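Examining the three-dimensional arrangement
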Amino acid sequence: MDDRIRREYEMFQRVLLFLDENKNDFTAIPVVAAQITILQTETQKIADLGAEKVSATSGAKDVTLFKGDLRDALKDVMRNIADMWRPMAKNHEKAENKFRMPHGSDQLLIDTAGSFIEDATPLKADFIARGMPSNFITDLTAKRDAFETVDNESEAARLERIGVNAQFSNPCKLCRAAVDDVSPIVKMVYRTNPGKLAEWLSACHIERAPKKK
């Protein structure tokens, strides 16, 4: 959970603790019991979502690291082809612009790798004659496919994080409403008890975000 949601969650937990410690003062007020149930249910949902987000984020980090390795491997093979093509291009009409390394998105890298495979296939013997491995097209295809797969997984992980983040909204909203509903009741019950009133005000206060230095 992000910092704002974490601070709200901590407030909801303090409110629940206060109401539990002082439950005997509210036994005759059914509304408080109902709102406590809501707080217990929805804070558990927030906690579960928090754990889910940690798991999704950790998975996304792993995919990102693996993706970087596969990107580098794909670029290495493509760069070998591009470098080898420079002296070869003079022997082919209007071929200077073939096998140019891309500069842009991962999708552009994947698409360009596909064009390398297509353009190099009829020239395979020429490349091999200059020292390229006999399986260089197969190797390029495998690395392109592996990178495309992990690129799709990375996008899926990103969408999963967005989905989890969106799910925090409703339980937080319900918890805030429950606190707002209970607050005037607590203040009324402890109007002549400044100690308890101060405890409540502290419990239902949302801590400010730390200022950036």
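In the block above lies the structure referred to throughout.
Residues numbered from 1 in each chain as written. Predicted model: local features only at pLDDT ≥ 70, side-chain atom pairs only at ≥ 80, totals over all residues. Heavy atoms only, no water.

**Examining the nonpolar core**
The biggest cluster of nonpolar side chains holds 27 residues, and the ones touching the most others in it are Val15, Leu19, Leu39, Ile46, Val186 and Trp200. Broken down by secondary-structure element, the contributors of at least two residues to this core are helix H1 (3–21), helix H2 (30–89), helix H6 (169–189) and helix H7 (194–203). Leaving out residues up to four positions away in the same chain, Leu19 has contacts with Phe26, Val32, Ile36, Leu39, Val182, Val186 and Trp200. The next biggest cluster of nonpolar side chains, apart from the first, holds 26 residues, and it includes Ala95, Phe127, Ile137 and Leu140. (Core = buried A, V, L, I, M, F, W, Y, C linked by side-chain atoms within 4.5 Å. Buried < 20%, exposed > 50% of the residue type's maximum accessible area, 1.4 Å probe, protein only. Helix = DSSP H or I, 4+ residues; strand = E, 2+ residues; numbered from the N terminus. Contact = heavy atoms within 4.5 Å.)

**Observations concerning the packing of H1 against H7**
One can describe the packing of H1 onto H7 by two numbers: an axis separation of 8 Å at closest approach and a directional angle of 155°. Regarding the angle of H1 to H7, the classification is roughly antiparallel. Counted together, Met11, Arg14, Val15, Phe18 and Leu19 of H1 and Lys196, Glu199, Trp200, Ser202 and Ala203 of H7 form the full contact between these two elements. (Axes fitted to C-alpha atoms, helices over the stretch in contact; angles between N-to-C directions. Parallel < 35°, antiparallel > 145°, perpendicular 65-115°, else oblique.)

**Observations regarding helix H3 (residues 106–120)**
Every α-helix winds through 3.6 residues per turn, so residues three or four apart in the chain are directed the same way. Compared with the 21 Å implied by 1.5 Å per residue over 15 residues, the 21 Å span of H3 between its first and last C-alpha is a close match. Here H3 has its buried residues at Asp106, Leu109, Ile110, Thr112, Ala113, Phe116, Ile117 and Ala120. Around the axis of H3, the buried residues are gathered within 165° of arc, so they sit on the same side. (Expected span 1.5 Å × (residues − 1). Arc of directions from axis to C-beta.)

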